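# Structural features, examined
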Amino acid sequence: MLCRPDNPAKHCEVTLVESTEIGTVGVGEATLPTIQFFNQLLGIDEADFVRKTGASFKLGIEFKDWGRLGHRFFHGFGGFGPAIHNRPLWAYWLRLRAQDPGLPSYEEWSTATMMARGLRFMPPRPGEPSAANAFDYAYHFDATRYGAYLRDYALRHGARRIEGTIVRVETSPDDGFVKAVHLRDGQRIEGDLFIDCSGFRALLIGGAMNSPYEDWSHWLPCDRALAVPCRRAEPMTPYTTSTARGAGWQWRIPLQHRTGNGLVYCSSHLGDDEAAQLLLSQLDDEALDEPRQQRFVTGRRRQAWVKNVVAIGLSSGFLEPLESTSIQLIMDGVSRLTALLPDRDCSPKLADEFNRQMAYRYESVRDFIILHYKLGARRDTEFWRACAAMSIPDKLAHQIELFRQTGRVAILEPEGFAEPSWASIYLGLGLFPERYDPYVDLVDPDLVRRHLHGVHDAIRRSVAAMPTHAEFLARAAPAA
């Protein structure tokens, strides 16, 4: 990025250096609901985006075999119905469950979950709060197509693209700032601010700035992933599926033109050939390619912004895509950089604040992912026994014990996963609190039962009136 104080009409010039010789990591095809707002901020038309990226809609994630073999639960986007006296509906459900073990699952008060179970989809209806808008959604899409879509958007809005491979980074002998990057064909590209999107290679932030990498593999031991597409199979599910395996987990992501599949695993418990055989044996249909392997070390750069280099995406850190956070963390980095955009001096205070915010963000996501492994009740393999026995970060241990003992959810990162998400994972993995919130006893239990029955019935009727996911896609945004 080149600042232009000499031309007030054009504050900066953005140059993208990109090589078609370097592939992309295809594990980020599922997203979180905040991507809607990112696309809206750019003025992207949803129907056009869905058509051109082969996208489908996502209401959440179904987890299979995580708590125990044969068990499944759903992490849906949205809450569990309207709160009563500022207490979530699931808190009242916990109270009634203690008196009535036959009460339907808490999941039946989640509109997103019931839509997913019925393979239904339509966007939330505008208007007064109701079962028809008490949910949120995200997307599944072809990550390569989405990258090209955003690149074309940027070029239409004034960015410049240069095809080439960086072979040398030129730094200033005076202050250590990056002055230019040199390409294989001899081009020298100058800039004032350099955004490192070079992936795991981290050419600028790691190579030129020597920002150390903080290894989190003692908490998240999976270190390899295999990805392979297969032919699309019916039904068209409006959700991601995560199935726990003996030494990791497998994802299934439905797109309009194919299904994305992958296996995240720990190489000390599962060999590469065995992993490939396992993945290919569990596909819905014929594989469209050979499995591609990606090796990684879970963690982050201790400083994602050093001098005039800012790392975004994989160059700044990596967390396995269990909760679809890879693209989310890219958007977080972009939004924070935009808010803290420097002038040519690149004030160290701006870098400090960016690094503080991103460190907290990464650690929050890390802990949410660790939660899935730690609470799982599986003990059938050495991998799962090790996960159950491992020590965990102190903050996460506090959050787990608070819920275990009192039924309260501690939200330590307001911009991270919200209370319904934490409750979904706690309850889905079988962590039922020893005591429920005593405040709920202030409400007459018969009134609570009627309220829960009314919400349950409203969700059932709303979902039954919705089109299937496949019908909605065919009508509103069929793939190009």
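So, how was this worked out
Residues numbered from 1 in each chain as written. Predicted model: local features only at pLDDT ≥ 70, side-chain atom pairs only at ≥ 80, totals over all residues. Heavy atoms only, no water. Helix = DSSP H or I, 4+ residues; strand = E, 2+ residues; numbered from the N terminus. Rg over C-alpha atoms; globule rule 2.2 N^0.38 Å. Buried < 20%, exposed > 50% of the residue type's maximum accessible area, 1.4 Å probe, protein only. Contact = heavy atoms within 4.5 Å. Areas by Shrake-Rupley, 256 points an atom, 1.4 Å probe, with all protein chains shown as cover. Lys, Arg positive; Asp, Glu negative; His and termini not counted. Charge placed at Lys NZ, Arg CZ, Asp CG, Glu CD. Axes fitted to C-alpha atoms, helices over the stretch in contact; angles between N-to-C directions. Parallel < 35°, antiparallel > 145°, perpendicular 65-115°, else oblique. Left-handed = near helix turned anticlockwise from the far one by under 90°. Nonpolar A, V, L, I, M, F, W, Y, C, P; charged D, E, K, R; others polar. 1 Å grid on protein atoms, 1.4 Å probe; cavity = no way out; pocket = protein on both sides within 12 Å on 5 of 7 lines; lining within 4 Å. Points joined across faces, edges and corners; volume = space filled by probe spheres on them. Pairing = 2+ DSSP bridges. Phe/Tyr/Trp six-rings, centres within 6.5 Å; stacked < 30°, edge-to-face > 60°. Polar contact = N/O pair within 3.5 Å; in protein donor to acceptor, adjacent residues only side chain to side chain. Disulfide = S-S within 2.5 Å. Expected span 1.5 Å × (residues − 1). Arc of directions from axis to C-beta.

Turning next to the overall build of the protein. When its secondary structure is counted, the protein shows 14 helices and 22 strands. For the protein, the C-alpha radius of gyration of 24 Å lies close to 23 Å, the compact-globule estimate for 480 residues. Looking at the protein as a whole, 51% of its 480 residues qualify as buried. Within the protein, residue pairs in contact and separated by at least 24 positions form 74% of the contacts whose partners lie at least 6 positions apart. Carbon and sulfur atoms provide 52% of the accessible area of the protein, an area that totals close to 21,400 Å². Considering the protein, the positive charge centre built from 55 side chains and the negative charge centre built from 60 side chains are found 2 Å apart.

Contact geometry for helix α9 (residues 348–375) and helix α12 (residues 419–428): axes closest at 10 Å, N-to-C directions at 15°. Taken together, the axis directions place α9 and α12 in an arrangement best described as roughly parallel. Read as a crossing pair, α9 and α12 show a hand that is right-handed. Seen from α9, the contacting residues are Phe368, Leu371, His372 and Leu375; seen from α12, they are Ser421, Trp422, Ile425 and Tyr426. The residue inventory of the contact of α9 with α12, partitioned by class, reads six nonpolar, two polar and no charged.

Our next topic: the layout of surface pockets. In this structure, the second largest pocket spans a volume of roughly 350 Å³. Lining the second largest pocket are 17 residues, and of these Pro33, Thr34, Gly416, Ala418 and Ser421 sit closest to its centre. Every element with two or more residues in the lining of the second largest pocket is listed here: β6 (72–76) and α12.

What follows is about empty space enclosed by the protein. Taken as a whole and assessed by the stated rule, the structure comprises four cavities of 30 Å³ or more. In this structure, the second largest cavity encloses a volume near 50 Å³. Forming the walls of the second largest cavity are Arg300, Arg301, Ala304, Ser316, Asn355, Met358, Ala359 and Tyr362.

With that out of the way, let us pick up unusual backbone geometry. For the bond from Glu234 to Pro235, the omega torsion is 0°, close enough to zero to count as cis. Turning to its location among the elements, Pro235 is positioned in the loop between β14 (224–230) and β15 (240–245). Backbone geometry at Lys307 places phi at a positive 55°, although glycine is not the residue there. Among the secondary structure elements, Lys307 is positioned in the loop between β20 (305–306) and β21 (309–311). Here Lys307 falls in the partly exposed class, since its relative accessible area comes to 36%. The backbone of Ser324 shows a phi angle near 55°, a positive value even though the residue is not glycine. Within the secondary structure, Ser324 is located in the loop between β22 (317–318) and α8 (326–339). Under the relative-accessibility criterion, Ser324 is labelled buried at 5%.

Moving on, we get to the sheet that holds strand β19 (residues 299–301). With antiparallel pairing, the three strands of this open sheet are ordered in space as β13-β19-β22. Each edge of the open sheet is held by one strand with a lone partner, namely β13 (213–215) and β22. Note: β13 against β19, three bridges, orientation antiparallel. Paired with Tyr213 across the two strands is Arg301, which belongs to β19.

By secondary structure assignment, the location of Asp367 is in helix α9. Looking at Asp367, the relative accessible area reads 6%, which means it is buried. With near-sequence residues (within four places) excluded, Asp367 lies in contact with Pro393, Lys395 and Leu396.

Another point: the packing of aromatic side chains. The description of two aromatic rings rests on the distance between their centres and on the angle between their planes. Tallied over the entire structure, the rule returns 32 aromatic pairs. Judged by centre distance (5.3 Å) and plane angle (75°), the rings of Phe121 and Phe472 are edge-to-face. On the criterion of sequence distance, the pair formed by Phe121 in the loop between α4 (111–117) and β7 (138–140) and Phe472 in helix α14 (residues 469–476) is long-range, its members being 351 residues apart. Residue classification places Phe121 among the buried positions, given a relative accessible area of 0%.

So, on to the side chain of Arg378. With respect to the helices and strands, Arg378 occurs in the loop between α9 and α10 (382–389). Among the polar contacts made by the side chain of Arg378, one reaches the main-chain carbonyl oxygen of Ala244 at a distance of 3.4 Å. Apart from the residues lying within four places of it in its own chain, the contact partners of Arg378 are Asp65, Trp66, Gly67, Arg68, Leu69, Ala244, Arg245, Gly246 and Trp384.

Simply put, the disulfide is a covalent bond whose two ends are the sulfur atoms of two cysteines. Enumeration over the complete set of coordinates arrives at zero disulfides. Here Cys197 stays free of any disulfide, with the sulfur of Cys12 as its closest cysteine sulfur at 15 Å. Residue Cys197 is classed as exposed on the basis of its relative accessible area of 58%.

Packing of helix α11 (residues 394–406) against α12 brings their axes to within 12 Å, and their N-to-C directions diverge by 70°. On the basis of the axis angle, α11 is roughly perpendicular to α12. Between α11 and α12, the contacting residues are Leu396, Gln399, Ile400 and Phe403 on the first element and Trp422, Tyr426 and Leu427 on the second. Broken down by class, the residue content of the contact of α11 with α12 amounts to six nonpolar, one polar and no charged.

Here α11 is 13 residues long and its end C-alpha atoms lie 18 Å apart, about the 18 Å a rise of 1.5 Å per residue gives. Within the sequence span of α11, burial applies to Leu396, Gln399, Ile400 and Phe403. Taken end-on, α11 shows its buried residues confined to a sector of 95°, consistent with a single buried face. The elements touched by buried residues of α11 are α3 (89–99), α9 and α12. Directly after α11, the chain includes Gly407, whose backbone phi takes a positive value near 75°.

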